[in-house]
Amino acid sequence: MLEQLNGGDTLTSVSIIGNGTMGTAIGALAAEGGHTVEFIDRQSTAIAGDIVVLAVPYPSVAGIIADHGAALAGKVVVDITNPLDFATFDGLVVPADGSAASVIAEALPASTVLKAFNTNFAATLAAKSVGGSPVTVLIAGDDDAAKRLLSSVLAGAGVSAVDAGSLKRARELEALGFLQLTLAAQEKISWTGGFALVK
């Protein structure tokens with residue numbers, strides 16, 4: 001349930017599917033801003049959050065949609081995945097003109113799908129900085145109100161978000177996330193490093 005604070009800010013509830021380092025970091029940011037956070041596992045039947053974060057590897061998404069698709073109707077679903085080919089670690093498993101986010105949006109027509117967090121590492125979210133610069137979360141999606149809602153959740157923890165455009169821009173975000181992951185895997189950057197947005 002959304003609640004208005006005296007200052008006009010909105011409190012919301014956030015459900016996170018996945019409790020790894022990314023899910024934990026995102027949950028901590030939401031909780032810091034005063035929002036209600038719950039972690040969901042594959043066996044859960046109820047999802048309370050207005051915002052639902054898919055904090056799992058991309059290969060797990062299809063099963064989550066099969067298990068929870070009906071419960072995600074009417075919710076803002078945040079896809080944080082990078083659809084890597086984990087067998088080769090040398091490409092993406094979605095069409096060159098598409099994205100994981102667009103695949104998820106097609107599978108969840110009654111949900112509002114956003115792409116976010118896939119260009120951030122968990123350590124930079126937890127520290128709220130990357131390379132000495134403030135961490136920025138890039139958000140792509142077709143619903144401006146949903147993007148503002150997610151941005152307000154992050155703002156409550158002192159983290160900036162930038163509207164990266166429509167959900168079509170998820171393709172570029174996933175390419176950037178893929179590059180960042182491969183650089184880290186090759187130890188050319190650290191898992192506490194990555195890309196920063198300098199304004």
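Structural notes, computed from the coordinates. (Residues numbered from 1 in each chain as written. Predicted model: local features only at pLDDT ≥ 70, side-chain atom pairs only at ≥ 80, totals over all residues. Heavy atoms only, no water.)

### Remarks on the overall build of the chain
- Secondary structure assignment for the chain yields six helices and eleven strands.
- Compactness check: the chain gives a C-alpha radius of gyration of 16 Å against a globular reference of 16 Å for 199 residues, within 12% of the reference.
- Each of the three principal axes of the chain carries a C-alpha extent, and together these read 45 × 40 × 30 Å.
- Across the 199 residues in the chain, those meeting the buried criterion constitute 46%.
- Put simply, of all contacts in the chain between residues at least 6 apart along the chain, 68% involve residues at least 24 apart.
- Entry remark: accessible area of the chain is about 9400 Å², with carbon and sulfur atoms responsible for 55%.
- With 11 positive and 19 negative side-chain charges, the chain shows a spacing of 6 Å between the two charge centroids. (Helix = DSSP H or I, 4+ residues; strand = E, 2+ residues; numbered from the N terminus. Rg over C-alpha atoms; globule rule 2.2 N^0.38 Å. Buried < 20%, exposed > 50% of the residue type's maximum accessible area, 1.4 Å probe, protein only. Contact = heavy atoms within 4.5 Å. Areas by Shrake-Rupley, 256 points an atom, 1.4 Å probe, with all protein chains shown as cover. Lys, Arg positive; Asp, Glu negative; His and termini not counted. Charge placed at Lys NZ, Arg CZ, Asp CG, Glu CD.)

### Points about the pairing of strand 5 (residues 51-54)
- Neither face of strand 5 is exposed, since Ile51 and Val53 on one face and Val52 and Leu54 on the opposite face are all buried.
- Bridging between strand 3 (residues 13-17) and strand 5 involves four bridges; their strand directions are parallel. Note that in strand 5 the partner of serine 15 across the bridge is valine 52.
- Pairing of strand 5 with strand 6 (residues 76-79) involves four bridges; the strand directions are parallel. The partner of valine 52 across the bridge, within strand 6, is valine 77.
- Taken together, strand 5, helix 2 (residues 61-68) and strand 6 form a β-α-β motif whose crossover is right-handed. (Pairing = 2+ DSSP bridges. Right-handed = clockwise from strand over helix to strand, strands pointing away.)

### Description of the packing of aromatic side chains
- Under the criterion given, the structure shown has two aromatic pairs.
- A centroid spacing of 6.5 Å and a plane angle of 55° characterise the contact between phenylalanine 86 and phenylalanine 89, whose relative ring orientation is tilted.
- On the accessibility criterion, phenylalanine 86 (48% relative accessible area) is partly exposed.
- Each ring, one from phenylalanine 121 and one from tryptophan 191, has its centre 4.9 Å from the other, and the planes form 50°; the classification is tilted. In this pair, phenylalanine 121 sits in the loop between strand 7 (112-115) and helix 4 (122-127) while tryptophan 191 sits in the segment after helix 6 (170-185), placing the two residues 70 residues apart along the sequence. (Phe/Tyr/Trp six-rings, centres within 6.5 Å; stacked < 30°, edge-to-face > 60°.)

### With respect to the pattern of salt bridges
- Applying the stated criterion across every chain yields a total of seven salt bridges.
- For lysine 128, the salt bridge is made with glutamate 32, and the minimal N-O distance between the two is 2.7 Å. Of the two residues, lysine 128 sits in the loop between helix 4 and strand 8 (129-130) while glutamate 32 sits in helix 1 (residues 21-32), which places them 96 residues apart along the sequence.
- By relative accessible area, lysine 128 is classed as partly exposed at 26%. (Salt bridge = Lys/Arg side-chain N within 4 Å of Asp/Glu carboxyl O.)

Without other data, these values stay purely geometric and don't point to any function.
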